[in-house]
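The residues making up each chain are set out below.
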Amino acid sequence: MEKQEQYRLLQKQLIALLEDEHDPIANMANMSALLYQTLPDVNWVGFYRYENEELILGPFQGKPACMHIPYGKGVCGLCLKEERMVRVDDVLDFPNHIACDCDSRSEIVIPLWHRQKIIAVLDIDSPILQRFDETDEIGLSKLTTILENSWNLAKLKMSI
C-alpha cells in the first residue's frame, strides 16, 4: 500500500477509535497502539505529557522508556522548546540525544496543542536510518490534529 493511502486509512481508523471519547489518556493510548501496530519499521510509539517544565512519559507501545525528559533535552525536548516538529535521520548524529532504546536510529516528534499551548508530544522511533520523510510529517500531523480535536471536544468530522 502506498504510504499516503496508508495515512488516509489511519485517519479513518483513528476517527472511529476516538469517536465519543474525550479522555486524553485513553485517546493517546489507543492512538499509540494503532500507530505501533500499523506503521512499518517502528520500534517505539508514544506520548510524553508536558507538566511542570518537563516531559513525563505517557501512553506508549514498545520497550520501557525514559520517564522524565528535561525541557530542551533530546529530540522531544527540542520539539517542545522550538514548538515544532523535529525529524532526525540518524539519532547518533543528534546532539544531546537521549538513548532510551539503543536500537533506535531515526526519530520523529510532533507537538500536540490544546488552547494554544503544547501539552504533549508524539514520539516515534525506528531502528532504520532515515525512516521518516515528508509524507510521514504530513500524515502524522493530520493524525495529531484529529487527536487534538478530540481533546477540544470537537466533532471529528474532517475531510480525508
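Structure's up top.
Bear in mind the structure is a predicted one, so any value in this text is a computation, not a measurement. (Residues numbered from 1 in each chain as written. Predicted model: local features only at pLDDT ≥ 70, side-chain atom pairs only at ≥ 80, totals over all residues. Heavy atoms only, no water.)

Caption draft 1: Broad picture of the overall build of the protein. Secondary structure summary: the protein contains four helices and six strands in total. From first element to last, N terminus to C terminus, the protein shows the α and β order α-α-β-β-β-α-β-β-β-α. Rg of the C-alpha trace for the protein: 15 Å, near the compact-globule value of 15 Å for 160 residues, within the 12% margin. Its C-alpha atoms give the protein principal-axis dimensions of roughly 40 × 40 × 25 Å. The buried share of the protein, taken over its 160 residues, is 46%. Put simply, of all contacts in the protein between residues at least 6 apart along the chain, 54% involve residues at least 24 apart. Summed over all atoms, the accessible surface of the protein reaches about 8400 Å², with 49% contributed by carbon and sulfur. Here the protein contributes 16 positively and 25 negatively charged side chains, and the mean placements of these two sets differ by 4 Å. (Helix = DSSP H or I, 4+ residues; strand = E, 2+ residues; numbered from the N terminus. Rg over C-alpha atoms; globule rule 2.2 N^0.38 Å. Buried < 20%, exposed > 50% of the residue type's maximum accessible area, 1.4 Å probe, protein only. Contact = heavy atoms within 4.5 Å. Areas by Shrake-Rupley, 256 points an atom, 1.4 Å probe, with all protein chains shown as cover. Lys, Arg positive; Asp, Glu negative; His and termini not counted. Charge placed at Lys NZ, Arg CZ, Asp CG, Glu CD.)

Caption draft 2: Quick peek at the pattern of salt bridges. All chains considered together, the criterion is met by nine salt bridges. The shortest N-O distance in the salt bridge between Asp136 and Arg131 comes to 3.3 Å. For the pair shown, Asp136 and Arg131 are each scored as buried. It is possible to trace a salt-bridge network through shared partners that takes in Lys3, Arg131, Asp133 and Asp136. (Salt bridge = Lys/Arg side-chain N within 4 Å of Asp/Glu carboxyl O.)

Caption draft 3: Summary view of unusual backbone geometry. Positive phi, close to 60 degrees, is recorded for Asp41, a residue that is not glycine. Summarising the element assignment, Asp41 is placed in the loop between helix H2 (24-38) and strand E1 (44-51). Positive phi, close to 65 degrees, is recorded for Gln116, a residue that is not glycine. Tracing the chain through its elements places Gln116 in the loop between strand E5 (106-114) and strand E6 (117-126).

Caption draft 4: Main features of a negative patch on the surface. On the surface, Glu19, Asp20, Glu21 and Asp23 cluster together to form a negatively charged patch. For Glu21, the location among the structural elements is in the loop between helix H1 (3-18) and H2. (Patch = residues over 30% accessible without salt bridge, like charges linked within 9 Å, V, L, I, M, F, W, Y side chains within 5 Å.)

Caption draft 5: The arrangement of the packing of aromatic side chains in detail. With the rule as written, the count across this model stands at three aromatic pairs. Taken together, a centroid distance of 5.3 Å and an interplanar angle of 20 degrees make the contact between Trp44 and Phe60 stacked. Of this pair, Trp44 sits in strand E1 while Phe60 is found in strand E2 (residues 54-62), placing the two residues 16 residues apart along the sequence. Judged by relative accessible area, which is 4%, Trp44 ranks as buried. For Phe60, a relative accessible area of 27% puts it in the partly exposed group. (Phe/Tyr/Trp six-rings, centres within 6.5 Å; stacked < 30°, edge-to-face > 60°.)

Purely geometric stuff here, so don't read any function into it on its own.
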